[in-house]
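Spelled out from the first residue to the last, the chains are:
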Amino acid sequence: MTDEIKILVIDENPVRAAILKEGLSDAGLLRVEWIADTSNLYMRISALDPDVVLIDLESPNRDVLEQMFQVSREVRRPIAMFVDQSDSAMITASVDAGVSAYIVDGLKKERIKPILDMTISRFNAFSRLQRELDDTKTKLEERIIIDRAKGILMKQKCIGEDEAYTLLRRNAMNQKKKIAEVAASVVMAADLLS
Amino acid sequence: MTSPENLTVVRAGFIALVDCAVLVAARELGFAQAHGLDLHLTKEVSWANIRDRVNIGQFDVAHMLAGMPIAQSLGINHIKIPTIAPLALGVGGNAITVSHALYQALQDTGRDLSQPLTAARALGQVVAARQAQGQEPLSFGQVFPFSCHNYQLRYWMAAGGVDPERDVRLVVIPPPYMVNSLKAGQVDGFCVGEPWNIQAAAEGVGVILTHTSAFWPSGPEKVLGLQQRWAEAHPQTLKALLQALDEAAQWVDDPDHHAQLAHILAQPAYLDVVESLVLSALEGDLKFHRDGAEWAECEDALWLYAQMVRWGQTPPSAQAEQAVCRTFRPDLLVDVIAPRAAHEASPSPLPLDGITFDATDVTGYIAQLAIKNCSK
């Protein structure tokens, strides 16, 4: 189908790219290309000749796309940013989500808006997932360090596990610190003294 | 001494280049705080992000390429938002670096590569020879459509008889990727700010052909850019910021402080490169305070606008010229920093192409140029 919009996703994060690609294909947009390694990007974009380019804002390569606004030999169809004078809310939403969209000149706005809305919502969903994952990882790391601190205290003070935990908690309350922080200093002290 | 809770927060975005030094020094050396400001600095990865975050109000001010406030005020390729630049953050610091292979080819022409004009003519000769042999055009990297790097590279090439639109390929490459692109053979040369030229030379990847200050008027390279609306809403904060930046610029320009400055700038929060590279760059042609480096004047803006018109980025118009002239705002510095002494206006090098720029007649200036792209 020649009418189908060809989308290029430039994102170094494979998980986020996959989440976005899935969203786009659910919406019936199947011609999605993904570039992660961004070397020689200008030539590769020119060769792919996409209708829409979606790029994450952490990528310095956004500036490469800005150059493609201008007519040149390599760029047959110049691209533009998905903005006009009334689009400030859309820019804010996309900057907050961490993504930007570029479209080929002349492509109808009504066809682009659902793509950008989908992209913004998938990027936001990814950030939420990332935060949850970070939280879980932090919690797991805290668990491990508390276990190590408990083990050290049990051995050195000849006390049981519950008592070791109570000791850590009491110290944390007295010092207005998190249990994991006190545990970390116990582990560090033990490492230094061993 | 103001207590921290009484400080006014100013949010600034910057790109990891040596000429972000004035903003960094204003924060790190306490100049901003002494003027009642808590200057928040955020490192950005692209000029497009800087533009967007200033436009939507996430940054109050930013480290901008001198052409950016002009492009913004004219609405070239993007939303038109009146943007101003009251102060220049740096002058100079750019160079054209070429691969060893291209340097060899340029040398083989027998021309004097130490002079920008003869070096440009050598390039013209190499380009013509390649065309005659049916070889691929040479590729050059620069950093942004509205960067001085883009305009300097084009101006230099055109003076040597090379049409940058037809005879070579110009591509945008983010500065941190520049050296690797040259190493991988994706480009044959580039024009970029420091420390990337010095790094290319230090790694044996390229040869610094010419510092662009040898042929380019001594106008601003980077400026403090902000929305005109913000300036009007926060005149006192802006005044305090400009005073702090002036003091910081004076500190930054003092060679006695370069070692300490290089140490600060090399940190991961800022440039995240080897300290010695930053130090070499500071010892180069960058100016922050001396020779009136902080002043960004109407004539400087019109010179950049003339480049935009020359290369087809925007059509010429008298109305645009007026808007451009209002973009650089030295009037906001008048009561803030010491007046620019007449002797401080450092002499600009003679025009490479022999055509003198007349800010009162931009159209007439462009009409005299042989190589241009104003057809759009």
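Cut-offs applied
- Residues numbered from 1 in each chain as written.
- Chains lettered and ligands numbered in written order.
- Predicted model: local features only at pLDDT ≥ 70, side-chain atom pairs only at ≥ 80, totals over all residues.
- Helix = DSSP H or I, 4+ residues; strand = E, 2+ residues; numbered from the N terminus.
- Rg over C-alpha atoms; globule rule 2.2 N^0.38 Å.
- Buried ≥ 20, exposed ≤ 12 C-beta atoms within 10 Å, placed from the backbone.
- Contact = placed C-beta atoms within 7 Å.
- Pairing = 2+ DSSP bridges.
- Axes fitted to C-alpha atoms, helices over the stretch in contact; angles between N-to-C directions.
- pLDDT = per-residue confidence, 0-100.
- Nonpolar A, V, L, I, M, F, W, Y, C, P; charged D, E, K, R; others polar.
- Right-handed = clockwise from strand over helix to strand, strands pointing away.
- UniProt positions renumbered as here; feature names shortened; annotations may be inferred.
- Expected span 1.5 Å × (residues − 1).
- Left-handed = near helix turned anticlockwise from the far one by under 90°.
- Domains from an automatic or database assignment.
- Arc of directions from axis to C-beta.

### Let's talk about the overall build of chain B
(1) Moving on: A count of helical and extended segments in chain B gives 16 helices and 10 strands.
(2) Moving on: The globule rule puts the C-alpha radius of gyration for 376 residues at 21 Å, and the 20 Å found for chain B is close to it.
(3) Moving on: Every one of the 376 residues in chain B was classed for burial, and the buried ones make up 55%.
(4) Moving on: Within chain B, contacts between residues at least 6 apart in sequence are counted, and of these 78% link residues at least 24 apart.

### As for the sheet that holds strand 10 (residues 222-227) of chain B
Residue and element names in this part refer to chain B.
(1) Moving on: Taken in spatial order, the five strands of this open sheet run 2-1-3-10-4, and their pairing is mixed. The sheet terminates laterally at strand 2 (37-44) and strand 4 (83-90), the two strands that pair on one side only. Averaged over neighbouring strand pairs, the angle between their axes works out to 30° when direction is ignored.
(2) Moving on: Bridge analysis of strand 1 (residues 8-15) against strand 3 (residues 61-65) gives two bridges, and the strand direction is parallel. Bridging across to strand 3, Gly13 finds its partner in Ala62.
(3) Moving on: Contacting strand 3, strand 4 and strand 10, helix 4 (residues 67-74) runs over the sheet at an angle of about 175° to strand 4.

### Brief notes about the confidence of the model for chain A
(1) Moving on: Taken as a whole, chain A shows an average pLDDT of 85; of its residues, 91% reach a score of 70 or greater.
(2) Moving on: Strand 4 (residues 79-81) of chain A is the least confidently modelled element of chain A, averaging 69 in pLDDT, while helix 6 (residues 161-174) of chain A averages 93, the highest of any element.

### Quick look at the interface of chain A and chain B
(1) Moving on: Counting residues at the interface gives 22 residues for chain A, matched by 24 residues for chain B.
(2) Moving on: Among the elements of the structure, helix 3 (62-67) and helix 4 (88-97) of chain A are those that each provide at least two residues to the side of chain A that touches chain B.
(3) Moving on: Each residue belonging to the side of chain A that touches chain B can be placed in one class, and the counts come to nine nonpolar, nine polar and four charged.

### Examining the sheet that holds strand 5 (residues 94-99) of chain B
All names here are of chain B.
(1) Moving on: As summarised here, the arrangement of the five strands in space is 7-6-8-5-9, forming an open sheet in which the pairing is mixed. Either end of the sheet is taken by a strand with one partner, and the two such strands are strand 7 (169-172) and strand 9 (206-211). Averaged over neighbouring strand pairs, the angle between their axes works out to 25° when direction is ignored.
(2) Moving on: Pairing analysis gives four bridges linking strand 6 (residues 139-142) to strand 7, with the strands arranged parallel. Bridged to Phe140 within strand 7 is Leu170.

### A look at the environment of Asp38 of chain B
Residue and element names in this part refer to chain B.
(1) Moving on: Note on placement: Asp38 falls in strand 2.
(2) Moving on: Asp38 sits 25 residues away from Gly13 along the chain, and the two C-alpha atoms are 14 Å apart.
(3) Moving on: Leave out the neighbours within four places in its chain, and Asp38 touches Leu7, Thr8 and Val9.

### Section: the pairing of strand 1 (residues 7-10) of chain A
(1) Moving on: Where burial is concerned, the two faces of strand 1 of chain A agree: the one with Ile7 and Val9 of chain A and the one with Leu8 and Ile10 of chain A are both buried.
(2) Moving on: Each parallel crossover has a hand, and the one from strand 1 of chain A via helix 1 (residues 14-26) of chain A to strand 2 (residues 32-35) of chain A is right-handed.

### A closer look at the environment of Ser276 of chain B
(1) Moving on: Take Ser276 of chain B: it is sitting in helix 13 (residues 275-282).
(2) Moving on: Through-space distance from the C-alpha of Ser276 of chain B to that of Pro195 of chain B is 9.8 Å; in sequence the pair is 81 residues apart.

### Some words on the UniProt feature "domain: ANTAR" (unreviewed entry) in chain A
(1) Moving on: Under the feature "domain: ANTAR" (unreviewed entry), the UniProt entry names residues 126-187 of chain A.
(2) Moving on: Secondary structure across residues 126-187 of chain A divides into 89% helix and 0% strand, with the first and last C-alpha atoms of the span separated by 35 Å.

### Overview of helix 14 (residues 298-310) of chain B
A turn of α-helix holds 3.6 residues, and therefore any two residues three or four places apart point the same way.
Residues and elements named next belong to chain B.
(1) Moving on: The terminal C-alpha atoms of helix 14 lie 18 Å apart, and with 13 residues this matches the ideal 18 Å at 1.5 Å per residue to within 8%.
(2) Moving on: Extensive coverage of helix 14 is indicated by the burial of 11 of its 13 residues.
(3) Moving on: Every buried residue of helix 14 is listed here: Asp300, Ala301, Leu302, Trp303, Leu304, Tyr305, Ala306, Gln307, Met308, Val309 and Arg310.
(4) Moving on: Where the residues of helix 14 are buried, they touch helix 4, helix 7 (148-159), helix 15 (318-325) and helix 16 (362-367).
(5) Moving on: Positive backbone phi, approximately 75°, marks Gly312, located one or two places after helix 14.

### Notes on unusual backbone geometry
With the exception of glycine, the majority of residues adopt a negative phi angle, and the majority of peptide bonds are in the trans configuration.
(1) Moving on: The step from Glu194 of chain B to Pro195 of chain B runs through a cis peptide bond, and the omega angle for that step is 15°.
(2) Moving on: Tracing the backbone through its elements, the reader meets Pro195 of chain B in the loop between strand 8 (189-193) and helix 9 (196-202).
(3) Moving on: Unlike most non-glycine residues, Lys176 of chain A shows phi in positive territory, near 55°.
(4) Moving on: Along the chain, Lys176 of chain A falls in the loop between helix 6 and helix 7 (179-193).

### A look at the packing of helix 4 of chain A against helix 5 (residues 109-157) of chain A
Residues and elements named next belong to chain A.
(1) Moving on: At their nearest, the axes of helix 4 and helix 5 sit 9 Å apart, and the two run at 35° to each other. Considering the relative orientation of helix 4 and helix 5, their crossing is left-handed. Along the contact surface, helix 4 presents Met90, Ala93, Ser94 and Ala97, while helix 5 presents Leu116, Ile120, Phe123 and Asn124.

### Looking at the environment of Tyr270 of chain B
(1) Moving on: Following the sequence through the fold, Tyr270 of chain B ends up in the loop between helix 12 (258-265) and helix 13.
(2) Moving on: Sequence-wise, Tyr270 of chain B and Arg27 of chain B are 243 residues apart; in three dimensions their C-alpha atoms are separated by 12 Å.

### Some thoughts on the domain arrangement of chain B
For an interface, size is often stated in terms of accessible area lost upon the parts coming together.
Residue and element names in this part refer to chain B.
(1) Moving on: What the domain assignment lists for chain B is domain 1 (4-91 + 219-349) and domain 2 (94-214).
(2) Moving on: One C-alpha centre belongs to domain 1, the other to domain 2; they are set 26 Å apart.
(3) Moving on: Each partner contributes residues to the interface: domain 1 has 23 residues there, and domain 2 has 19 residues.
(4) Moving on: For the side of domain 1 that touches domain 2, the secondary-structure elements that each account for two or more residues are helix 4, helix 13 and helix 14.
(5) Moving on: Per-element accounting of the side of domain 1 that touches domain 2 gives the leading share, four residues, to helix 13.
(6) Moving on: Looking at side-chain class alone, the side of domain 1 that touches domain 2 contains 14 nonpolar, six polar and three charged residues.

### With respect to helix 1 of chain A
All names here are of chain A.
(1) Moving on: With 13 residues, helix 1 should cover 18 Å at 1.5 Å per step; its first-to-last C-alpha distance of 18 Å lies within 8% of that length.
(2) Moving on: The set of residues buried in helix 1 consists of Arg16, Ala17, Leu20 and Leu24. Across the axial projection of helix 1, the buried residues extend over an arc of 100°, all falling on one side. Facing away from the buried side of helix 1 by over 90 degrees, the exposed positions are Pro14, Val15, Glu22, Ser25 and Asp26.
(3) Moving on: On its buried face, helix 1 is in contact with strand 1, strand 2 and helix 5.
(4) Moving on: Within two residues after helix 1, Gly28 carries a phi angle of roughly 90°, on the positive side.

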